[in-house]
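# Architecture and fold: a report
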Amino acid sequence: MIKPDATSAGNTGAITKMIEEAGFRIVAMKKAQLTPELAGKFYEIHKERPFYGELVKYMSSGTIVPMILEKDNAVEDFRKLIGATDPKKAAPGTVRALFAKSIDANAIHGSDSDENAAIEGNFFFSQFERF
Ligand code: CMP
């Protein structure tokens with residue numbers, strides 16, 4: 001999911017290009033805006049964390065671009081492509097090193113397991129939106 005800081009800065013195309021050039025197939029993709037309730041639900045796993053309130057507020061503040069991606073070893077390879085959560089620690093050339101503004105406004109989110117990728121894909125897309 002491309003986050004509001006990256007969409008508002010006009011970086012959706014550049015980030016999508018990096019994703020495709022890294023060998024991912026974009027199976028589904030759209031523009032959307034989360035309500036605070038839906039952002040809270042998406043990040044429910046972080047509910048007890050001190051940053052949850054700010055994260056929910058930020059993630060519902062603007063346009064997001066959720067995608068379903070396909071590739072062998074996708075979860076691990078995508079996390080390498082996007083870099084560390086904190087852009088200050090993200091390796092040079094990664095999406096977050098190039099485009100992130102802060103730890104919340106960190107340009108992009110990637111699923112942390114195949115299981116969560118399925119849950120998060122179902123959160124954003126119905127079966128009719130995939131091909
Ligand atoms: P993301 O991959 O979307 O998953 C949860 C998000 O919480 C994370 O990226 C960050 O944008 C945000 N966040 C804010 N503070 C922290 C923190 N201290 N540790 C981890 N994630 C954080």
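For every chain, the first residue of its written sequence is number 1, and the numbers climb from 1 along that sequence. Totals for whole chains, interfaces and linings use every residue, but because this is a predicted model, local features are given only for residues with pLDDT of at least 70 and side-chain atom pairs only at 80 or more, for both listing and counting. Excluded from the side-chain calculations are hydrogens and water; all other atoms, namely the structure's heavy atoms, are used.

Looking at the ligand, the residues that line it are Lys3, Tyr43, His46, Arg49, Phe51, Leu55, Thr85, Arg96, Ile103, Asp104, Asn106 and His109. Arg96 places a side-chain nitrogen or oxygen 3.3 Å from an oxygen atom of the ligand. Here a polar contact means two N or O atoms within 3.5 Å. Within protein one must be a hydrogen donor candidate and the other an acceptor candidate, and residues neighboring in sequence count only if both atoms are side-chain atoms. Here Asp104 contributes a backbone N or O atom positioned 3.5 Å from an oxygen atom of the ligand. For the ligand, whose unbound accessible area comes to 450 Å², protein coverage reaches 79%. A pocket here means an open set of points on a 1 Å grid, computed over the protein atoms alone, that has protein on both sides within 12 Å along at least five of seven lines. A cavity is instead a set of points where a 1.4 Å probe fits but cannot get out; residues with an atom within 4 Å of a point line either one. If over half the atoms of a molecule are within 2 Å of the grid points of a cavity or pocket, the molecule is regarded as sitting in it. More than half of the atoms of the ligand fall within 2 Å of the grid points belonging to the largest pocket. Residue classes follow a fixed rule: Ala, Val, Leu, Ile, Met, Phe, Trp, Tyr, Cys and Pro count as nonpolar, while Asp, Glu, Lys and Arg count as charged, and any other residue, Gly among them, counts as polar. Taken together, the residues that form the shell around the ligand break down as four nonpolar, four polar and four charged. Residue proximity to a molecule or strand is established when one non-hydrogen atom of the residue lies within 4 Å of it. Each accessible area is a Shrake-Rupley estimate made with a 1.4 Å probe; only the visible protein chains count as cover when residues are assessed.

Take His109: it is sitting in the loop between helix H6 (95–99) and helix H7 (114–124). Within the structure, the side chain of His109 is placed 3.0 Å from the side chain of Glu120, a separation counted as a polar contact. Any pair of residues with heavy atoms lying within 4.5 Å of one another is described as a contacting pair. Setting aside chain neighbours within four positions, we find His109 in contact with Met1, Lys3, Phe42, Tyr43, Phe78, Ile82, Arg96 and Glu120. Each helix corresponds to a stretch of at least 4 residues labelled H or I by DSSP, and each strand to a stretch of at least 2 residues labelled E; elements are numbered beginning at the N terminus.

What helix H4 (residues 52–59) keeps buried is the set Tyr52, Leu55, Val56, Tyr58 and Met59. Down the axis of H4, the buried set is contained in an arc of 165°. They therefore lie on one face. To sort residues, take the accessible area from a 1.4 Å probe on protein chains only and compare it with the maximum for the residue type: under 20% means buried, over 50% means exposed, and anything in between is partly exposed. By arc we mean the arc of the directions from the helix axis to the C-beta atoms, nothing more.

Turning our attention to the packing of aromatic side chains. Only centres within 6.5 Å qualify two rings of Phe, Tyr or Trp (six-membered ring in Trp) as a pair; their planes then separate them into stacked at under 30 degrees, edge-to-face at over 60, and tilted for everything else. Across all of its chains, the model carries five aromatic pairs by this definition. Ring centres 5.4 Å apart and planes at 45° place the aromatic pair Phe42 and Phe124 in the tilted group. Of this pair, Phe42 sits in helix H3 (residues 36–42) while Phe124 sits in helix H7, and the two are 82 residues apart along the sequence. There is no split in this pair, since Phe42 and Phe124 are both buried. Ring geometry for Phe123 against Phe124: centres 4.9 Å apart, planes inclined by 80°, an arrangement best described as edge-to-face. What makes Phe124 buried here is its relative accessible area of 12%. Cluster of aromatic residues (ring-pair linked, three or more members): Phe42, Tyr43, Phe123 and Phe124. Above the plane of the ring of Phe125 lies Lys30, whose end atom (NZ or CZ) is 4.7 Å from the centre. Whether a charge sits over a ring depends on NZ of Lys or CZ of Arg being within 6 Å of the ring centre and within 35 degrees of the ring normal. In this structure, Lys71 packs its charged tip against the face of Phe24, placed 5.7 Å from the ring centre.

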